[in-house]
Amino acid sequence: MNKKIKWGIIICIGAGLVYLGIRTFTPKQNEELAEAEQSVPKNKNKGLNVNAQIIKPHLLTDQLFVSGKLMPDEEVDLSFETSGKITDIFFSEGTLVKKGQLLAKINDRQLQAQLDRLEAQMPLAEDRVFRQNALLQRDAVSKEAYEQVKTELATLNADIENVKANIDMTELRAPFDGILGLRQVSTGTYASPSTIIAKLTKITPLKVEFAVPERYAKQIRKGTKLTFKIEGKLEAFNAEVYATESSIDPSTHTLTVRALYPNRNRELLPGRYADIELKQNEIKDAIAIPSEAIVPEMGKNKVFVYRSGKAEPVDVTIGLRTEAEVQIVKGLAIGDTIITSGTLQLRKGMPVILDNIE
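Residues numbered from 1 in each chain as written. Predicted model: local features only at pLDDT ≥ 70, side-chain atom pairs only at ≥ 80, totals over all residues. Heavy atoms only, no water.

J.: Sorry, what's going on with helix H3 (residues 109-137) here?
T.: For an α-helix the count is 3.6 residues per turn, leaving residues at separations of three or four pointing the same way. Across its 29 residues, H3 extends 43 Å between first and last C-alpha, which sits within 8% of the 42 Å expected from 1.5 Å per residue. Looking at H3, one finds that the buried residues are Leu111, Leu115, Leu118, Met122, Ala125, Val129 and Gln132. In this fold, the buried residues of H3 make contact with helix H4 (143-168). Asp139, located one to two residues past H3, shows a positive phi value of around 60°. (Helix = DSSP H or I, 4+ residues; strand = E, 2+ residues; numbered from the N terminus. Expected span 1.5 Å × (residues − 1). Buried < 20%, exposed > 50% of the residue type's maximum accessible area, 1.4 Å probe, protein only. Contact = heavy atoms within 4.5 Å.)

This is the structure in structure tokens:
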């Protein structure tokens, strides 16, 4: 009897162990498994949602936007050519002056006295030449005597011209039409050639200076039109290129360009920054697509085209580039539908769903 009980206990223990093993290795239908099943897409063939654009021909303009600055047509720091005490100032600050207008004067009394003395000798010197010439005609004097008085007259004239030139150096005159800046000296100041009297600026016309990348160097030439805007002004101003630098800057790889703006009403002042727009080329009926639709790959450019619900890659050759668009010269045709979003996720033959078509 004890034997039967012992074997019964052994059998019960073995059955329990078998039951536990089955429970352990049987998949559990719990909430985590249910959530995992729900997270798996039921439709594995569902496509990627993308935006697309139907290619239509339109005008493509190559525009270049750069920054520049407004410069005066001419500008100079005015100063005397000689030293001396300033006796007179004939201009007002901030006024418009004409070329040759007398602006200031240095004391020249000593030079004026020298000029008076030399000019007083002129009648006697001229009379000597006249008399010696008359005597020479009658062979009453030698030719050498005549040449001597003639040389004395020429020397006297040269001395007079020299003094007049020195007097001119005591006068400060405007070298060109322009606007005078702030006066830096007063009457009675001892001025030298290094003393700045005022700044003279010609602002009609104004120069517009800017630099363009070297790839545009051949396209910028004399006569090229441009527009520019400045802060605080809503309207755009028109200018025209008149000169370019003779070479490209090797450090910046840019070409310096200058244009002229008439500025007839003197509404703009030099020194301001300008936002410049240059229109290079205009291509009619161009095939142009958004730059984000281009996918560079292995040195080539490709575009994904929508065909029968799938994305198909097409190799393209690009031409003109603008800030937002790229010209396609080979690979696409009018009417093709190109994919413009999610291009990095696309693969050949991948199903796609068009959310938005332009």
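There is more to say, and it comes next.
J.: Help me understand the nonpolar core, please; the structure alone is not making it clear to me.
T.: The nonpolar side chains of soluble globular proteins are, as a tendency, buried together. Ranked by size, the top nonpolar core spans 25 residues in total, and within it Val208, Phe210, Val212, Leu226, Phe228 and Ile276 carry the most contacts. Residue assignment for this core shows that the elements contributing at least two residues are strand E2 (58-78), strand E9 (198-213), strand E10 (225-229), strand E11 (237-244), strand E12 (254-261) and strand E13 (273-286). A total of five residues in this core trace back to one element, the largest contributor, which is E9. Ignoring sequence-local partners within four residues, the contact set of Ile276 consists of Leu64, Phe65, Val66, Ser67, Gly68, Val208, Phe210, Leu226, Thr227 and Phe228. In terms of nonpolar packing, the next biggest core, distinct from the first, is built from 17 residues, Leu78, Phe91, Leu180 and Ile197 among them. (Core = buried A, V, L, I, M, F, W, Y, C linked by side-chain atoms within 4.5 Å.)

J.: Before we go on, may I ask you to explain the side chain of Thr195 in this structure?
T.: Here Thr195 shows up in the loop between strand E8 (190-191) and E9. Judged by relative accessible area, Thr195 falls into the buried class, the value being 18%. Excluding residues that lie within four positions of it along the chain, Thr195 makes contacts with Leu78, Ser79, Val185 and Tyr190.

J.: In this structure, what is going on with the packing of aromatic side chains? I would like to understand it.
T.: By convention here, two paired aromatic rings are described through the distance between centres and the angle between planes. A complete count under the given rule lists three aromatic pairs for this structure. With 5.6 Å between their ring centres and 90° between their planes, Phe228 and Tyr261 make a pair best called edge-to-face. Residue Phe228 is located in strand E10, and its partner Tyr261 is located in strand E12; the two are separated by 33 residues in the primary sequence. The burial state of Phe228 is the same as that of Tyr261; both residues are buried. On the numbers, 5.5 Å between centres and 75° between planes, the contact of Phe237 with Tyr261 is edge-to-face. Of this pair, Phe237 sits in strand E11 while Tyr261 sits in strand E12; the two residues are 24 residues apart in sequence, bridging distant segments of the chain. We note that Phe237, like Tyr261, is buried. Here the aromatic residues Phe228, Phe237 and Tyr261 are joined through ring pairs into a cluster of three or more. (Phe/Tyr/Trp six-rings, centres within 6.5 Å; stacked < 30°, edge-to-face > 60°.)

Note that all results are geometric; they support no functional claim without further evidence.
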